[in-house]
Amino acid sequence: MTKKSFDLIIKNANELITVEGASKYPKIKKQMEEVGTIKNGAVAIKNGRIVAIGETKNLLANTKSVKKIIDAKNKIVMPGFVDCHTHLLFGGSRENEFTEKLKGSSYLEILKKGGGILNTVTATRKELEKPEKITNKTLKTLDRMMSYGTTTAEVKTGYGLNAEAELQMLNVIKKLNAIHPIDLIPTFLGAHIIPKEYINKRKEYINLLLEMLPKIKKLAKYCDVFCEKNAFTAKEAKQILQEAKQLGIKSKLHTNQFNDIGGIKIGIDLKATSLDHLDYVNEEHIKKISTSGTIAVLLPGVPFHLMNKHYAPAQKMIKAGIPIALATDFNPGSCPTLSMQMIIDLACRNMKITPNQAINATTINASHAIGMAQEIGSIEIGKKADIIILDIPNHKQLPYWFGINLIKTVIKNGKIT
Ligand code: NIG
Ligand code: FE
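Residues numbered from 1 in each chain as written. Chains lettered and ligands numbered in written order. Predicted model: local features only at pLDDT ≥ 70, side-chain atom pairs only at ≥ 80, totals over all residues. Heavy atoms only, no water.

> Sorry if this is basic, but what is going on with the overall build of the protein chain here?
Within the protein chain, the secondary structure is distributed over 16 helices and 16 strands. C-alpha extents for the protein chain along the principal axes are approximately 70 × 45 × 45 Å. Contacts in the protein chain between residues at least 24 apart in sequence constitute 75% of all its contacts with a sequence separation of at least 6. Carbon and sulfur atoms form 52% of the exposed surface of the protein chain, whose accessible area is close to 17,300 Å². Side-chain charges in the protein chain split into 60 positive and 39 negative, and the spacing between the mean points of these groups amounts to 4 Å. (Helix = DSSP H or I, 4+ residues; strand = E, 2+ residues; numbered from the N terminus. Contact = heavy atoms within 4.5 Å. Areas by Shrake-Rupley, 256 points an atom, 1.4 Å probe, with all protein chains shown as cover. Lys, Arg positive; Asp, Glu negative; His and termini not counted. Charge placed at Lys NZ, Arg CZ, Asp CG, Glu CD.)

Here's what the structure looks like:
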């Protein structure tokens with residue numbers, strides 16, 4: 001065998017977690033327990049891609065030269081986290097609401113009184129007046145995300161809520177994507193909430209959204225709707241997502257976060273890539289989703305932060321054959337964390353997800369939820385070298401040490417960040 005030259009080798013990983021074998025279809029049922037562990041593993045990188053994987057001894061024996069070596073002794077090496085549901089671009093913060101919630105107000109009550117998302121809309125519109133400032137602020141957010149192991153993130157609009165500000169949000173996301181190592185997948189969420197100016201003119205706002213779709217087509221990969229009481233009805237969601245679909249924009253849906261108002265059927269009928277939240281679902285919903293080909297993106301940081309103790313029935317979903325992904329939902333109202341490790345901690349403790357299921361749900365299945373599984377989500381030859389090294393000797397310790405950043409090194413596109 002001819003020996004090869006590499007840019008980077010990570011060697012001696014106590015466990016190299018590959019999460020291999022599911023780039024075509026997301027993992028379901030028992031597959032969610034398999035993480036593809038190589039003991040004393042090594043991975044070689046060239047031109048930003050993974051080019052060799054194996055036991056350290058074998059890989060080094062086939063190496064002619066290498067520019068840099070990282071020793072991952074006593075550590076685990078795994079694919080970078082894919083955060084497939086975030087609202088990471090926003091103005092202001094909402095710690096006052098958090099204090100109100102501690103006194104007993106609910107998320108939907110605060111929203112109904114004109115707070116919540118609408119507060120962030122006001123703050124975001126204001127900050128968008130100085131695009132460089134909000135861009136620089138969000139670059140810091142992205143740096144922090146990456147330091148917690150996230151290498152790809154989906155980002156939703158939805159805090160502009162008029163033609164100009166929504167478009168501006170998409171342009172800021174495009175800029176951030178160009179200048180920050182984290183890859184960003186943009187989603188248009190103009191249907192987040194009815195903005196104040198349209199409160200008694202719902203139909204007009206929906207028409208405005210429909211008019212915006214052709215203009216944002218090139219900037220957004222997905223169209224999402226918040227289908228919930230005090231937000232958008234299932235009928236409205238259908239109208240918006242259907243129009244988007246005709247333009248070639250795929251669907252996602254915030255649904256069954258607090259109530260069941262019919263969003264699941266709409267999402268399934270429109271072949272949505274993912275249905276997100278799903279905290280309030282029954283057996284019938286689970287059955288329907290399980291045969292639909294749609295991914296369930298579960299967001300345990302939300303019931304945790306809102307303190308409503310109502311988590312999605314993850315194990316029932318897995319048993320039924322639904323592919324599960326986990327994400328932060330990072331936003332200033334319902335989940336102000338950008339740590340995927342925190343989400344894994346919460347999923348294990350509150351949804352009884354196992355460490356292995358959590359790893360699949362935050363890597364390969366999450367990459368399917370944003371249509372990126374051919375490129376990322378596992379350590380396999382040909383994929384992008386998006387790799388994290390954690391300072392723990394085995395992957396079962398990932399959710400065990402909670403509230404600690406276990407990341408030692410983040411490698412994005414083959415480069416040490
Ligand atoms: O996914 N539920 C709707 N949207 C976000 C929250 C946004 C906010 O509160 O600012 C969510 O939970
Ligand atoms: Fe969300």
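After presenting the structure, the write-up continues.
> Can you help me understand the nonpolar core in this one?
Across soluble globular proteins, nonpolar side chains have a tendency to be buried as a group. If you look at the biggest cluster of nonpolar residues, it comprises 121 residues, and the most contacted ones within it are Leu 298 and Met 317. Among the elements that make up this core, the one with the highest residue count is helix 7 (residues 202-216) (8 residues). Domain assignment of the residues forming this core places at least three in each of domain 1 (4-79 + 378-416) and domain 2 (82-368). Here Leu 298 is in contact with His 277, Leu 278, Ala 312, Ala 314, Met 317, Ile 324, Ala 325, Leu 326, Ala 327 and Met 351, once residues within four sequence places are set aside. Among the nonpolar cores identified, the runner-up in size contains 15 residues, and Val 43, Ala 72, Ala 385 and Ile 387 belong to it. (Core = buried A, V, L, I, M, F, W, Y, C linked by side-chain atoms within 4.5 Å. Buried < 20%, exposed > 50% of the residue type's maximum accessible area, 1.4 Å probe, protein only. Domains from an automatic or database assignment.)

> Would you mind going over the site of ligand 1 with me for this structure?
In the region of ligand 1, 15 residues are neighbours, and Tyr 107, Tyr 159, Gln 257, Asp 329 and Ser 334 sit closest. With respect to ligand 1, the side chain of His 277 contributes an N or O atom lying 3.0 Å from an oxygen atom. Within the contact set of ligand 1, an oxygen atom lies 2.6 Å away from a side-chain nitrogen or oxygen of Ser 334. Contact with the protein chains hides 100% of the accessible area of ligand 1, taken as 320 Å² for the molecule alone. The class makeup of the residues in the shell around ligand 1 is 4 nonpolar, 9 polar and 2 charged. (Near = heavy atom within 4 Å. Polar contact = N/O pair within 3.5 Å; in protein donor to acceptor, adjacent residues only side chain to side chain. Nonpolar A, V, L, I, M, F, W, Y, C, P; charged D, E, K, R; others polar.)

> I would appreciate a short explanation of the environment of Ala 361 in the present structure.
Within the secondary structure layout, Ala 361 lies in helix 14 (residues 355-362). Spatially, the C-alpha atoms of Ala 361 and Phe 81 are 9.4 Å apart, while their sequence positions differ by 280 residues. When near neighbours in sequence (up to four residues on either side) are disregarded, Ala 361 contacts Met 32, Ile 324, Ala 325, Leu 326 and Ala 366.

> Sorry, what's going on with the packing of helix 13 (residues 340-351) against helix 14 here?
Helix-helix packing: each pair is described by the crossing angle between the helix axes and the interaxial distance. It is the contact of helix 13 with helix 14, at a shortest axis distance of 10 Å, that shows an interaxial angle of 140°. The orientation of helix 13 with respect to helix 14, classified from their angle, is oblique. When the axes of helix 13 and helix 14 are compared, the crossing they make is right-handed. Residues Met 340, Ile 344 and Cys 348 of helix 13 touch helix 14, and the partners they reach there are Pro 355, Ala 358 and Thr 362. When grouped by side-chain class, the residues that make up the contact of helix 13 with helix 14 number 5 nonpolar, 1 polar and no charged. (Axes fitted to C-alpha atoms, helices over the stretch in contact; angles between N-to-C directions. Parallel < 35°, antiparallel > 145°, perpendicular 65-115°, else oblique. Left-handed = near helix turned anticlockwise from the far one by under 90°.)

> Help me understand the domain arrangement of the protein chain, please; the structure alone is not making it clear to me.
Often the size quoted for an interface is simply the accessible area lost on bringing the parts together. Here the protein chain is described as being made up of domain 1 (4-79 + 378-416) and domain 2 (82-368). Measuring from the centre of the C-alpha atoms in domain 1 to the corresponding centre in domain 2 gives 29 Å. Contacts between the two partners involve 38 residues from domain 1, matched on the other side by 33 residues from domain 2. Overall, the association of domain 1 and domain 2 removes approximately 2,700 Å² of surface from exposure, summing both partners, and the carbon and sulfur fraction of that is 62%. When the buried surface of domain 1 facing domain 2 is broken down by residue, Met 32, Pro 399 and Lys 412 rank first, second and third, together holding 24% of it. The interface formed by domain 1 and domain 2 contains 2 salt bridges. Where domain 1 packs against domain 2, one counts 19 residue pairs in polar contact (both at pLDDT 80 or more). Sort the elements by how many residues they give to the side of domain 1 that touches domain 2 and strand 15 (residues 407-412) lands first, with 4 residues. Looking at the side of domain 1 that touches domain 2 residue by residue, the classes come out as 21 nonpolar, 7 polar and 10 charged. (Buried area = accessible area lost by both parts, 1.4 Å probe. Salt bridge = Lys/Arg side-chain N within 4 Å of Asp/Glu carboxyl O.)

> Can you walk me through the environment of Val 35 in this structure?
Along the polypeptide, Val 35 turns up in the loop between strand 1 (4-17) and strand 2 (37-46). Relative accessible area serves as the criterion here: at 4%, Val 35 is assigned to the buried category. Spatially, the C-alpha atoms of Val 35 and Val 51 are 19 Å apart, while their sequence positions differ by 16 residues. Non-local contacts of Val 35, meaning those with residues more than four positions away in its chain, are made with Ile 17, Thr 18, Val 19, Asn 356, Ile 359, Asn 360 and His 395.

> Could you clarify how one ought to interpret unusual backbone geometry in this entry?
Among all residues save glycine, negative phi is the norm, and among peptide bonds the norm is trans. One non-glycine residue with positive phi stands out, namely Lys 29, at about 40°. Its location among the elements puts Lys 29 in the loop between strand 1 and strand 2. With phi around 90°, His 277 is a residue other than glycine that occupies positive phi space. Along the chain, the position of His 277 falls in strand 11 (residues 274-277).

> I'm lost on the pattern of salt bridges in this one. Help?
Two side chains bearing opposite charge may form a pair once their charged atoms approach each other closely. According to the stated counting rule, one finds 14 salt bridges in the structure shown. For Glu 197, the salt bridge identified is with Arg 125, shortest N-O distance 3.1 Å. Taken together, the residues span a long stretch of sequence, with Glu 197 in the loop between strand 8 (183-191) and helix 7 and Arg 125 in helix 4 (residues 117-128) at a distance of 72 residues. Each of Asp 183, Lys 384, Asp 386 and Lys 412 takes part in salt bridges that share partners, so that together they form one network.

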